[in-house]
Amino acid sequence: MPDLLADAFERIQSEVDGAFDAFLPVPQDTRARLVEAMRYAAIGGGKRVRPLLVCATAQLFGVTRQAAVNAGCAVEAIHAYSLIHDDLPCMDDDDLRHGKPTLHKQFDEATAVLAGDCLHALAFDILTMPDTSNDPFVRAELVAALAKASGHEGMAGGQMMDIVSDEQNYDLRQVTRLQQLKTGALLAASVEMGAILGRIPPEGRTHLRAYARDIGLAFQIADDLLDVEGDEEKAGKALRKDEGQGKQTFVTLMGRDAARAQAEMLVEQAGQHLASHGSDAALLVELARFVVKRDH
């Protein structure tokens, strides 16, 4: 089964890089620097967990690979923009991302802000392309799902909760809510969008939402553990920042052993939500396991 996941990651990484290469040709004018910055952030970085979630879910419902990869790229464009902005001096002030200089270090702050803005716009441009779906109602639902997961009710809202967390004394319930928004919302949208492409009505997605909720929390618990125990060289970014900033995390609130046990329980539970799909859901089950076993 590990080969299934390794092959799937290799394939999706190649497909996403190829798609962004096609989406972002460098213009022969003074916008070139901006598009080069977008390419720097979007191509050749990250594990591509979110696009793989889109594709693995869409595969359950017979969706074409190109449609699924396009939708996956839209989610990844939002993820990439969020990382660019998170790394800025006014936010987390990070120098490294995926083992290379953060975008504002490689280019400059103004270019980084614009590159993030443009990747945000590109995400919704991709979702409205006929290659993503020839059904305007599907395209509209994809846009709505990603917009809600990206904004104040999702990722950006979670980031705001995180920014003010050093002034607060969050308990476990509040940290869980923060992470459901900041990290979980885009992961959940990835699964949801795969089902939307498959024209599955909302009432038919309940088990998929439960799967996504569980892996979203497990993903963040694993991140918190990696921040404490991980190898900075493997992670390709600075670690142990949460502890230095006095932030409450799953690890500080639960302890390492209890946090790890909770993540493993969530992954086991996530797999159970997909039981009705049998072996067709094998890739999604393996992805859930990967979430807690990854070392970067």
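That block above? That's the structure.
Residues numbered from 1 in each chain as written. Predicted model: local features only at pLDDT ≥ 70, side-chain atom pairs only at ≥ 80, totals over all residues. Heavy atoms only, no water.

Caption draft 1: Seen up close, the overall build of the protein. For the protein, the helix and strand inventory stands at 15 helices and two strands. A compact globule built from 296 residues would reach a C-alpha radius of gyration of about 19 Å, and the protein, at 18 Å, matches this within 12%. A principal-axis box enclosing the C-alpha atoms of the protein has dimensions of 50 × 50 × 35 Å. A buried classification covers 51% of the 296 residues belonging to the protein. For the protein, long-range pairs separated by at least 24 residues make up 72% of all intrachain contacts whose partners lie at least 6 apart in sequence. Per element, the accessible surface of the protein, about 13500 Å² overall, is 51% carbon and sulfur. If the 30 positive side-chain charges of the protein are averaged to one point and the 45 negative ones to another, these points end up 2 Å apart. (Helix = DSSP H or I, 4+ residues; strand = E, 2+ residues; numbered from the N terminus. Rg over C-alpha atoms; globule rule 2.2 N^0.38 Å. Buried < 20%, exposed > 50% of the residue type's maximum accessible area, 1.4 Å probe, protein only. Contact = heavy atoms within 4.5 Å. Areas by Shrake-Rupley, 256 points an atom, 1.4 Å probe, with all protein chains shown as cover. Lys, Arg positive; Asp, Glu negative; His and termini not counted. Charge placed at Lys NZ, Arg CZ, Asp CG, Glu CD.)

Caption draft 2: Expanded view of helix α3 (residues 49-60). Compared with an ideal rise of 1.5 Å per residue, which puts twelve residues at 16 Å, α3 spans 17 Å between its outermost C-alpha atoms and is within 8% of the ideal. Burial runs high along α3: eleven of the twelve residues are buried. Listing the buried residues of α3 in full gives V49, R50, P51, L52, L53, V54, C55, A56, T57, A58 and L60. G62, located one to two residues past α3, shows a positive phi value of around 70°. (Expected span 1.5 Å × (residues − 1).)

Caption draft 3: Representation of the state of the cysteines within the structure. For the coordinates displayed, the defined rule picks out zero disulfides. Residue C90 stays outside any disulfide, its sulfur separated by 17 Å from that of C118, the closest cysteine. For C90, a relative accessible area of 66% gives the class exposed. C73 supplies the cysteine sulfur nearest to C118, a cysteine that is in no disulfide, at a spacing of 17 Å. When its relative accessible area of 26% is taken as the criterion, C118 is described as partly exposed. (Disulfide = S-S within 2.5 Å.)

Caption draft 4: A look at the pattern of salt bridges. According to the stated counting rule, one finds 20 salt bridges in the structure shown. Between R97 and D87 there is a salt bridge, and its shortest N-O distance comes to 2.8 Å. Of this pair, R97 sits in strand β1 (residues 96-97) while D87 sits in helix α4 (residues 65-87); the two residues are ten residues apart in sequence, bridging distant segments of the chain. We classify D87 as buried; its relative accessible area is 2%. D95 is the salt-bridge partner of K105, the closest N and O atoms lying 3.8 Å from each other. Of the two residues, K105 sits in helix α5 (residues 103-106) while D95 sits in the loop between α4 and β1, which places them ten residues apart along the sequence. Here the salt bridges share partners, and the residues they tie into one network are E141, E192, R205 and R209. (Salt bridge = Lys/Arg side-chain N within 4 Å of Asp/Glu carboxyl O.)

Caption draft 5: Seen up close, helix α2 (residues 32-42). Restricting attention to buried positions, one finds in α2 the residues A32, V35, A37, M38, Y40 and A42. Looking at the residues trailing α2, positive phi occurs at G44, about 75°.

Caption draft 6: Molecular detail of unusual backbone geometry. Positive phi is not limited to glycine here, since R48 has a value of about 70°. Note that R48 resides in the loop between α2 and α3. Even without a glycine there, the phi angle at R199 is positive, about 60°.

Geometry only, nothing functional implied.
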